[in-house]
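In case you want the letters, here they are:
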Amino acid sequence: MNLFRGFLIILIALLLSLSASFGYLLYTVGEMDRLPEPSPPLTAQIFDCGDEILALRYQENRIPVTLEQIPDHLIKATLAVEDRRFYHHPGFDPAALFRALLNNLRKGQTAQGGSTITQQLAKNLYLSHERTLERKLKEALYAIHLERRYNKDEILEMYLNTIYYGHFAYGVEAAARSYFGKNAAELSLGEAALLAGLPKGPSYYSPQHNPEAAEQRRESVLSQMVSTGFISEGEKRAALQEELSFRELHAGESASYFIDYLIQNEMADFFDGDLSPLYREGLRIYTTLDRELQELAEELIAGIPEERRDESGVRQPQGALVALDPATGYVKALVGGRDFEESNLNRALVPRSPGSSFKPFVYAAALEEGFTAGDRILCEAVTFTEAGLSEPYAPTDYGGGFHNRELTLREALAKSCNITAIKLHDAIGREKAVAMAKRLGVTAPLEPYLSLPLGTGEVSLLELTAAFASFANGGYRVKPLLIRKVTDARGRVLLEREPQKEPVLDPAIAYLVTDMLKDVLTGEGTAAAAGAILNRPAAGKSGTSQDNKSAHMIGYTPQLVSGVYVGDDCEIPLDSSGGGLAAPLWAWFMERALQDSDPLDFDLPEGIVRYPICPESGLRCGPGCPEPAREELFLCGTGPGECTRCSPAPLYPWLPQLKQPAGRRR
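### Some words on the overall build of the chain
Inference 1: Broken down by element type, the chain carries 21 helices and 20 strands.
Inference 2: Taking all 666 residues of the chain together, the buried fraction comes to 51%.
Inference 3: Pairs at least 24 residues apart make up 68% of the contacts formed inside the chain by residues separated by at least 6 positions.

### Some words on the pairing of strand E2 (residues 53-57)
Inference 1: Two elements, strand E1 (residues 44-47) and E2, share four bridges in a ladder whose sense is antiparallel. Note that in E2 the partner of Ala 44 across the bridge is Arg 57.
Inference 2: If you look at the hairpin formed by E1 and E2, you'll find five residues sitting between the two strands, and Asp 51 has a positive phi there, around 65°.

### Some remarks on the pattern of salt bridges
Inference 1: Taken as a whole, this structure holds 30 salt bridges when the rule is applied.
Inference 2: We note a salt bridge from Arg 477 to Glu 502, for which the minimum N-O separation is 2.5 Å. Note that Arg 477 is positioned in strand E12 (residues 476-478) and Glu 502 in strand E15 (residues 501-503), a separation of 25 residues in sequence.
Inference 3: On the basis of relative accessibility, which here comes to 25%, the residue Arg 477 falls in the partly exposed class.
Inference 4: Overall, the relative accessible area of 39% leaves Glu 502 in the partly exposed class.
Inference 5: Several salt bridges share partner residues, and in doing so they unite Arg 410, Asp 515, Asp 519, Arg 630 and Glu 632 into one network.

### What about the sheet that holds strand E9 (residues 331-335)?
Inference 1: The strand order E9-E8-E18-E17-E16 describes an open sheet built from five strands, whose pairing is antiparallel. Of all the strands in the sheet, just E9 and strand E16 (539-544) have a single pairing partner and so form its edges. The average undirected angle you get between the axes of adjacent strands in this sheet is 5°.
Inference 2: In the sheet, E16 pairs with strand E17 (residues 550-556) via six bridges, with the strands oriented antiparallel. Note on E17: the bridge partner recorded for Gly 543 is His 552.
Inference 3: Contacts between helix H21 (residues 578-593) and the sheet are confined to strand E8 (318-324), E16, E17 and strand E18 (561-567), with E17 contributing the most and set at about 40° to the helix.

### Side note on the environment of Arg 592
Inference 1: Within the secondary structure, Arg 592 is located in helix H21.
Inference 2: Along the backbone, Arg 592 and Leu 296 are 296 residues apart, and their C-alpha atoms lie at a distance of 7.8 Å.

### Considering the side chain of Glu 191
Inference 1: Looking at where Glu 191 falls in the secondary structure, it is placed in helix H8 (residues 189-196).
Inference 2: For Glu 191, a relative accessible area of 8% puts it in the buried group.
Inference 3: Only 2.9 Å separates the side chain of Glu 191 from the backbone nitrogen of Ser 188, close enough to count as a polar contact.
Inference 4: Residues in contact with Glu 191, not counting those within four places in the same chain, are Phe 180, Lys 182, Glu 186, Glu 242 and Leu 244.

### What to know about the confidence of the model for the chain
Inference 1: In this model, the chain carries a mean pLDDT of 87, and residues with pLDDT of at least 70 account for 87%.
Inference 2: Every residue in residues 24-32 scores below 50 in pLDDT, and together they form eleven contacts with partners more than four places removed in sequence or on other chains.
Inference 3: Every residue in residues 657-666 is under pLDDT 50, and counting partners more than four places away or in other chains gives four contacts.

### A short note on the environment of Gly 579
Inference 1: Here Gly 579 shows up in helix H21.
Inference 2: Residue classification places Gly 579 among the buried residues on the basis of a relative accessible area of 7%.

### So, unusual backbone geometry
Inference 1: At the junction of Gln 316 and Pro 317, the peptide bond is cis and its omega measures out at 0° in the coordinates.
Inference 2: Among the secondary structure elements, Pro 317 is positioned in the loop between strand E7 (315-316) and E8.
Inference 3: Despite not being glycine, Ala 255 shows a phi value in the positive range, around 60°.
Inference 4: Turning to its location among the elements, Ala 255 is positioned in the loop between helix H10 (233-240) and helix H11 (256-270).
Inference 5: Take Ala 255: its relative accessible area is 0%, and that puts it in the buried class.

### Regarding the sheet that holds strand E13 (residues 483-487)
Inference 1: Taken together, five strands build an open sheet; the order of strands is E2-E1-E5-E13-E14 and the sheet is mixed. Lying at the two open borders of the sheet, with one neighbouring strand each, are E2 and strand E14 (493-496). Averaged over all adjacent pairs, the angle separating strand axes in this sheet is 15°, with direction ignored.
Inference 2: Of the strand pairs in this sheet, E13 and E14 are connected by three bridges, and their pairing is antiparallel. Among the inter-strand pairings, Thr 487 is bridged to a residue of E14, identified as Val 493.

### With respect to the pairing of E18
Inference 1: In terms of burial, E18 is largely enclosed, as seven of its seven residues are buried.
Inference 2: Taking every second residue as pointing to the same face, both faces of E18 are buried, with Val 561, Gly 563, Tyr 565 and Gly 567 on one and Ser 562, Val 564 and Val 566 on the other.
Inference 3: The sheet contact formed by E8 and E18 spans seven bridges and is antiparallel. Paired with Ala 320 across the strands is Tyr 565, a residue of E18.

### Regarding the packing of aromatic side chains
Inference 1: This model, assessed by the stated rule, comprises 15 aromatic pairs.
Inference 2: A ring pair is formed by Phe 361 and Phe 468, whose centres lie 5.8 Å apart and whose planes are at 75°; its orientation type is edge-to-face. Within this pair, whereas Phe 361 is found in helix H14 (residues 359-368), its partner Phe 468 is found in helix H18 (residues 461-472), the two being separated by 107 residues in sequence. Take Phe 361 and Phe 468: they sit in the same class, and that class is buried.
Inference 3: Aromatic pair Phe 468 and Tyr 556: ring centres 6.5 Å apart, planes at 65°, arrangement edge-to-face. Here the residue Phe 468 occupies a position in helix H18, and Tyr 556 occupies one in strand E17, the gap between them amounting to 88 residues.
Inference 4: The ring of Tyr 611 has Arg 620 lying over it, and the distance from NZ or CZ to the ring centre is 4.8 Å.

### A few points about H11
Inference 1: Here H11 contains 15 residues, and its C-alpha end-to-end distance of 20 Å stays within 8% of the 21 Å for a straight helix at 1.5 Å per residue.
Inference 2: By the largest-angle criterion, Leu 262 marks the main kink of H11, which is about 30°.
Inference 3: Three or more residues of H11 are buried, namely Ser 256, Tyr 257, Phe 258, Ile 259, Tyr 261, Leu 262, Ile 263, Glu 266, Met 267 and Ala 268.
Inference 4: Directly after H11, the chain includes Asp 272, whose backbone phi takes a positive value near 55°.

Criteria and cut-off values
Residues numbered from 1 in each chain as written. Predicted model: local features only at pLDDT ≥ 70, side-chain atom pairs only at ≥ 80, totals over all residues. Heavy atoms only, no water. Helix = DSSP H or I, 4+ residues; strand = E, 2+ residues; numbered from the N terminus. Buried < 20%, exposed > 50% of the residue type's maximum accessible area, 1.4 Å probe, protein only. Contact = heavy atoms within 4.5 Å. Pairing = 2+ DSSP bridges. Salt bridge = Lys/Arg side-chain N within 4 Å of Asp/Glu carboxyl O. Axes fitted to C-alpha atoms, helices over the stretch in contact; angles between N-to-C directions. Polar contact = N/O pair within 3.5 Å; in protein donor to acceptor, adjacent residues only side chain to side chain. pLDDT = per-residue confidence, 0-100. Phe/Tyr/Trp six-rings, centres within 6.5 Å; stacked < 30°, edge-to-face > 60°. Lys NZ or Arg CZ within 6 Å of the ring centre and 35° of its normal. Expected span 1.5 Å × (residues − 1). Bend = angle between axes of the 7 residues up to and from the residue.

Written out as structure tokens, the structure reads:
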């Protein structure tokens, strides 16, 4: 009886093996439909400004490489453990299939594989992973189809780019980067042997989850390489002595706010809202982000002192930082909060009151209308009437007081005098400041209210920072750019963006605003704390919203413009102002971001003159004006007349005054 049962098992196995051969005959005469061209989903790679990998996005983490880019010892390790006769069978190995079927019938289950590399490729491309005899036969037939369409090297290349290695890594390149943080071409023999052993049980043999099993599997792979003649015993011993260094898996991703904005806005716009190509087509996205500056920005915002946690457990206050190149508009760093995993709200994009950091637009418009940095305006208690307000508008300076004296425009901007800014705004026509902000790149809706200079129009940090770039670069509006180029998996350019610069402001006015904003960082300026930290020529403006709900600091050097925001998501008042809180954070970032750059000053354009100014009259110094006189910059043709108020009175005014004889000197 046992003999008969054994004979029956062998007969069934032979019949099944023959059926596969018969299927081959049916297929070769065209009875089976042709299978589609393999198109496994590919990984999108996102690069920083130095073309180093910044992040990956995928449906399956797969980065295709050619067979020539895969080291020979990885190929041989794979062949040794998966399919030694790969180059000698027609896609399925009848002997291996027979052994597998026989063993499965004996055990009454489908426990043993016996699949060739081509069969495994067919399964991964076209079939499910169910363990049935029907699937096994289809696998063999599809393997024959692949062997007819492709040569052996092409099949092996597809296999090595398709097979799953665990931890979301498909293909050898993704696996090499995931486990070792390097390209597949850089793998050593010991590293290659470990990867080659993973497809048998990616989870069980994971060096992170089961290092002992992974090491045993690696030794088994190396032993099989010796038995097939691929390596010697000496090479095996050397490989086993290698000390493998693994990359930390699932480490927190850097630049998360930047990448999220890039995908959800820039790429979504490019693909008309359908992001599926991003996760399937192997795009290569080249960004403008500077990794070192981004890490500095993340460190800075994460380190803002925590005062409380809100109802969702989010640390408060929060912060944001934007940094860009004023010459190109390339966004070098963008942080929208302390921690993206804790809160993905991107505060660099949320419109908020900028406080007094809006004032430079008012002053730029005033200079354009003929005002000068030396003009004086009285800071005093004053009221205004405005349509829509039931009561007169009575602004005050920060803290509720007044200077009660005349301030030059330069001094008023440095001290952030609210009264001067509102009087100036009203004097030039309230639409002028709105138009200036729009011209420099602000797209947020702004109304010409009297209080606009104090930041009653809400603007995002990204827009505000980009608008300040026009002062830094000599009067050019630049569009903030996050993407330089996008290519497909074959390297064909799908999108390319060049810097977009447009002249919008007289370079001389841009320089005058910058020179005035330098004073904000010195002496009695509202951001003097920043000037004490930053040891290079710089300009900027701090801002604090009504009731201290948010603090801003926007500033720049010729090489870099950046903005910092600090505020509570629930608008709970801060304990400090923009100058006391945001300004030192901004200076800390700028000092470190530019530590390897020369301290450059802003280039003086044509059209500016410098005059000594009488401290008494505010006019150009005359012979009798007191010393020391300070110097002021003016647009050509706008300088004041000479002071005569301080000229000494003649001793005997009734006597005719003698003229100096020609040729004589006093």
